[in-house]
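Chains, contacts and geometry: an overview
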Amino acid sequence: MSINSFILEAKNLGKVFSDSSGKLPAVNNISFSVSKGEFLCIVGPSGCGKTTILQLLAGLLDNTSGEILLGGKPLKGPHRDISVVFQKSNLMPWRSVLKNVLLPLQIYGTPAKEAKEKAGLYLEKVGLSEFANAYPKALSGGMEQRVAVARALVQNPRILLLDEPFGALDSFTREQLNLELLSLWRDQNITAIMVTHNIREAVLLADRVLVLSPRPASIYREIPVNLPRPRTGDIEYTREFVDLTYQIRKAIKA
Amino acid sequence: MENSSESAGTTKRKHNRAFMAGWLNGYGIGLLAFPFGVVLLVVIWYLVTKLGDYPAFILPGPAAVMEEMHKIIVNGVLWIHVKATLTEMAGGLALGLGTATILGYILAKSPILERLIGPYIVASQSVPAVAIAPLLIIWFGTGKLSKVLVCALVLFFPVLINTIVGIRSVDAGLKTLMKSLHASRWQTFVMLEVPASLPVLLGGLKIGVTLSVIGAVVGEFVGADRGLGYLINLAKGIFNTSLMFAALIALTAISLTLYLLITALERWLLDWRD
Ligand SMILES: Nc1ncnc2c1ncn2[C@@H]1O[C@H](COP(=O)(O)OP(=O)(O)OP(=O)(O)O)[C@@H](O)[C@H]1O
Ligand SMILES: [Mg+2]
């Protein structure tokens with residue numbers, strides 16, 4: 001059953017944006033497969049089409065060629081098994097923190113009591129229980145993204161897509177959140193795909209890194225990251241880590 | 001004069017000074033200053049009538065107006081007219097807000113329709129709604145309906161524009177989020193569009209209420225047998241300027257009360273804003 005060993009597959013995936021001013025190819029014929037439980041990072045230069053790829057995988061954009069398979073079946077539009085953490089936290093400012101985490105469950109029609117318990121549980125997992133009743137205006141950038149992660153996990157997705165979720169944070173907060181993300185990914189047993197232009201972040205998190213070309217994005221190289229887990233911030237000072245980041249940097253400049 | 005009495009009040013309550021200071025900077029200062037302003041105005045008014053010694057039908061003094069006010073409150077005349085005006089405003093608000101909000105939502109969602117209908121709506125605005133009042137009286141009589149229609153017409157356009165702006169300003173990131181969660185149209189409307197545009201919608205309500213007072217009074221000027229606008233007209237006819245002042249004061253009180261109610265509603269519903 002080799003077909004079913006991949007949870008997500010992109011086959012000759014392409015996206016051309018077209019508007020009145022003409023056609024703009026953003027993603028060019030990309031193929032890759034993601035195994036269940038894998039942490040895949042996609043790195044590439046700014047503007048190369050990373051967000052576009054992620055939005056295609058999320059079913060938020062229609063592809064212009066190729067196909068995406070979720071558990072072997074063609075993906076058409078957003079799917080409950082796939083949730084997204086965006087570059088911006090996208091919290092609803094009029095909802096309390098808890099009610100923001102509750103949102104997906106309300107939309108999916110989970111009974112209120114169960115939903116509330118679950119939202120509380122996930123808020124606890126990201127360490128923000130005491131802010132349950134606060135409005136987003138009271139949160140720092142890092143806390144906002146923690147809420148966004150809790151909201152993405154609360155619906156029990158099989159795949160978590162992340163679009164430079166911590167890109168706007170300072171490097172300390174960023175490392176902290178990346179490590180927290182790793183431990184959530186481990187105990188939720190989910191598949192994660194993160195897009196980033198930060199090479200160190202990619203190596204810290206991933207089992208495998210895809211390096212993209214400048215726009216229109218195609219896959220330059222695929223680099224396995226066989227560093228031991230669980231990983232801590234210290235790993236960044238090992239020889240293997242530095243070698244990998246150097247390899248990726250060279251690949252991007254190629 | 002106003003400042004010194006406020007700071008005296010503040011120092012007396014030392015224990016919750018910080019709270020008071022915050023309160024004074026925001027909402028409270030207006031509420032505190034307001035009675036002083038009114039008193040000041042009445043004093044000036046009194047002095048002007050005293051020194052100018054005008055005949056009562058030109059400028060009655062505060063005492064004469066208070067007396068008139070007392071009289072029409074006691075004999076129930078004021079209430080009849082206040083009730084009429086309030087009913088017309090309520091009808092006009094319900095009709096005007098309802099249609100403007102629904103049409104605004106549709107136009108905000110459909111740029112094609114907006115391009116088709118928009119020009120007519122804008123063109124219709126070059127005729128002031130109050131100028132159509134006489135026509136509406138001819139068509140719909142001197143009863144409440146014609147006034148309701150004037151009210152609705154006067155507030156329609158500003159509320160329409162507010163609704164379009166409100167719905168269009170819904171954050172794109174939140175729309176994408178709702179889409180990624182597979183939210184239905186109805187869910188997106190209730191969970192995103194309504195709360196996101198609430199600040200602008202309440203702004204529209206504020207404008208709408210103010211305009212509905214104007215609409216009702218103008219309608220009553222043109223042709224009516226009751227209402228505060230009618231009362232003002234009547235007072236003019238019998239040279240009872242005190243009565244006219246009493247009616248104006250009642251009108252001001254209505255507008256002010258409604259405005260304060262909406263402001264309170266805003267503070268309550270929009271406490272999530274910074
Ligand atoms: N909706 C759209 N319509 C037209 N062009 C678009 C659209 N979205 C993205 N593009 C274009 O596609 C290209 C890739 O954009 P994308 O946002 O995927 O890049 P990115 O790699 O995520 O960039 P960044 O590193 O800045 O996040 C850009 O040239 C962009 O202008
Ligand atoms: Mg991007």
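Note that this is a predicted model, so its numbers are computed, not measured.

Criteria and thresholds
Residues numbered from 1 in each chain as written. Chains lettered and ligands numbered in written order. Predicted model: local features only at pLDDT ≥ 70, side-chain atom pairs only at ≥ 80, totals over all residues. Heavy atoms only, no water. Pairing = 2+ DSSP bridges. Helix = DSSP H or I, 4+ residues; strand = E, 2+ residues; numbered from the N terminus. Axes fitted to C-alpha atoms, helices over the stretch in contact; angles between N-to-C directions. Contact = heavy atoms within 4.5 Å. Buried < 20%, exposed > 50% of the residue type's maximum accessible area, 1.4 Å probe, protein only. Near = heavy atom within 4 Å. Areas by Shrake-Rupley, 256 points an atom, 1.4 Å probe, with all protein chains shown as cover. Nonpolar A, V, L, I, M, F, W, Y, C, P; charged D, E, K, R; others polar. Buried area = accessible area lost by both parts, 1.4 Å probe. Salt bridge = Lys/Arg side-chain N within 4 Å of Asp/Glu carboxyl O. Disulfide = S-S within 2.5 Å. Domains from an automatic or database assignment. Polar contact = N/O pair within 3.5 Å; in protein donor to acceptor, adjacent residues only side chain to side chain. Patch = residues over 30% accessible without salt bridge, like charges linked within 9 Å, V, L, I, M, F, W, Y side chains within 5 Å. Core = buried A, V, L, I, M, F, W, Y, C linked by side-chain atoms within 4.5 Å.

Focus: the sheet that holds strand 6 (residues 82–85) of chain A
Residues and elements named next belong to chain A. Strand order in the open sheet made by the six strands is 6-7-8-3-9-10, with mixed pairing throughout. This sheet does not close on itself; its edge strands, each paired only once, are strand 6 and strand 10 (219–224). Adjacent strand axes in the sheet meet at a mean angle of 15 degrees, parallel and antiparallel pairs treated alike. Bridging between strand 9 (residues 208–212) and strand 10 involves five bridges; their strand directions are antiparallel. Paired with arginine 208 across the strands is proline 224, a residue of strand 10. In this fold helix 4 (residues 141–153) packs onto strand 6 and strand 7 (159–163), with an angle of close to 175 degrees to the strand it touches most, strand 6.

Topic: the side chain of Glu201(A)
Residues and elements named next belong to chain A. For glutamate 201, the location among the structural elements is in helix 6 (residues 199–205). The class of glutamate 201 is buried, set by a relative accessible area of 3%. Discounting residues that sit within four places of it in the chain, glutamate 201 has contacts with Phe166, Arg174, Asn178, Met194 and Thr196.

Here's the deal with the site of ligand 1
Residues and elements named next belong to chain A. With respect to spatial proximity, 14 residues lie near ligand 1, and among them Gly47, Gly49, Lys50, Thr51 and Thr52 are the closest. Protein chains shield 61% of the accessible area of ligand 1, which is 640 Å² for the free molecule. Of all the elements in the fold, those that place two or more residues in the shell around ligand 1 are strand 2 (22–35) and helix 1 (50–57). The biggest single contributor to the shell around ligand 1 is helix 1, with three residues. In terms of residue class, the shell around ligand 1 is made up of four nonpolar, seven polar and three charged.

Remarks on the interface of chain B and chain A
With 20 residues of chain B at the contact, the number on the chain A side is 22 residues. Of all residues in chain B, Leu181(B), Met191(B) and Trp272(B) give up the largest surface area on contact with chain A, accounting jointly for 33% of the area buried on that side. On inspection of chain B and its partner chain A, the count reaches one salt bridge. Among the salt bridges present, the one from Lys88(A) reaches Asp171(B), with a minimum N-O distance of 3.2 Å.

Some thoughts on the state of the cysteines
All names here are of chain A. Applying the stated criterion across every chain yields a total of zero disulfides over all chains. In this model cysteine 41 remains outside any disulfide bridge; the closest cysteine sulfur is found in cysteine 48, 14 Å from its own. Relative accessible area serves as the criterion here: at 0%, cysteine 41 is assigned to the buried category.

Thoughts on the environment of Ala119(A)
Residue and element names in this part refer to chain A. When you line up the elements, alanine 119 lands in helix 3 (residues 112–125). Overall, alanine 119 belongs to the buried group, its relative accessible area being 0%. Residues within four places of alanine 119 in sequence aside, it is in contact with Leu98, Val101, Leu102, Leu105 and Val154.

Overview of the domain arrangement of chain A
Residues and elements named next belong to chain A. Here chain A is described as being made up of domain 1 (3–81 + 157–253) and domain 2 (93–148). When each unit is reduced to the centre of its C-alpha atoms, the spacing between domain 1 and domain 2 is 26 Å. Domain 1 puts ten residues into the contact, and the matching count from domain 2 is nine residues. Summing both partners gives a buried area of about 770 Å² for domain 1 against domain 2, and 56% of it is carried by carbon and sulfur. By the criterion of area lost to domain 2, the three top residues of domain 1 are Arg80, Leu184 and Gln188, representing 49% of everything that side buries. Among the salt bridges present, the one from arginine 146 reaches glutamate 180, with a minimum N-O distance of 2.9 Å. On inspection of domain 1 and its partner domain 2, the count reaches three residue pairs in polar contact (both at pLDDT 80 or more). When its residues are assigned to classes, the side of domain 1 that touches domain 2 shows five nonpolar, three polar and two charged.

Some details on unusual backbone geometry
For the peptide bond that leads from Arg215(A) to Pro216(A), omega is -5 degrees, which places it in the cis range. Take Pro216(A): it is sitting in the loop between strand 9 and strand 10. Cis peptide bonds are those with omega within 30 degrees of zero, and the linkage from Arg229(A) to Pro230(A) qualifies with -5 degrees. Here the phi dihedral of Asn12(A) falls at roughly 45 degrees; this positive angle occurs in a residue that is not glycine. Here Asn12(A) shows up in strand 1 (residues 6–19). Residue Asn12(A) is classed as partly exposed on the basis of its relative accessible area of 44%. Located in the positive-phi region is His182(B), a residue other than glycine, with phi close to 65 degrees. Position of His182(B) relative to the elements: it lies in the loop between helix 8 (172–180) and helix 9 (185–222). Owing to a relative accessible area of 49%, His182(B) belongs among the partly exposed residues under this scheme.

Thoughts on a nonpolar patch on the surface
Residues and elements named next belong to chain B. A cluster of nonpolar residues, Leu31, Phe34, Val38, Val42, Leu256, Tyr259 and Leu260, forms a patch on the protein surface that exposes about 560 Å² of accessible area. At the level of secondary structure, the elements contributing two or more residues to the nonpolar patch comprise helix 2 (17–52) and helix 11 (241–269). Among the secondary structure elements, leucine 31 is positioned in helix 2.

Here we look at the nonpolar core
Residue and element names in this part refer to chain A. In terms of nonpolar packing, the biggest core is built from 54 residues, with Phe39 and Val209 touching the most fellow members. The dominant element in this core, judged by the number of residues it contributes, is helix 4, at seven residues. There are two domains that each give this core at least three residues, and those are domain 1 (3–81 + 157–253) and domain 2 (93–148). If sequence neighbours within four positions are ignored, valine 209 has contacts with Cys41, Val43, Ala202, Arg221, Glu222, Ile223, Val225 and Ile248.

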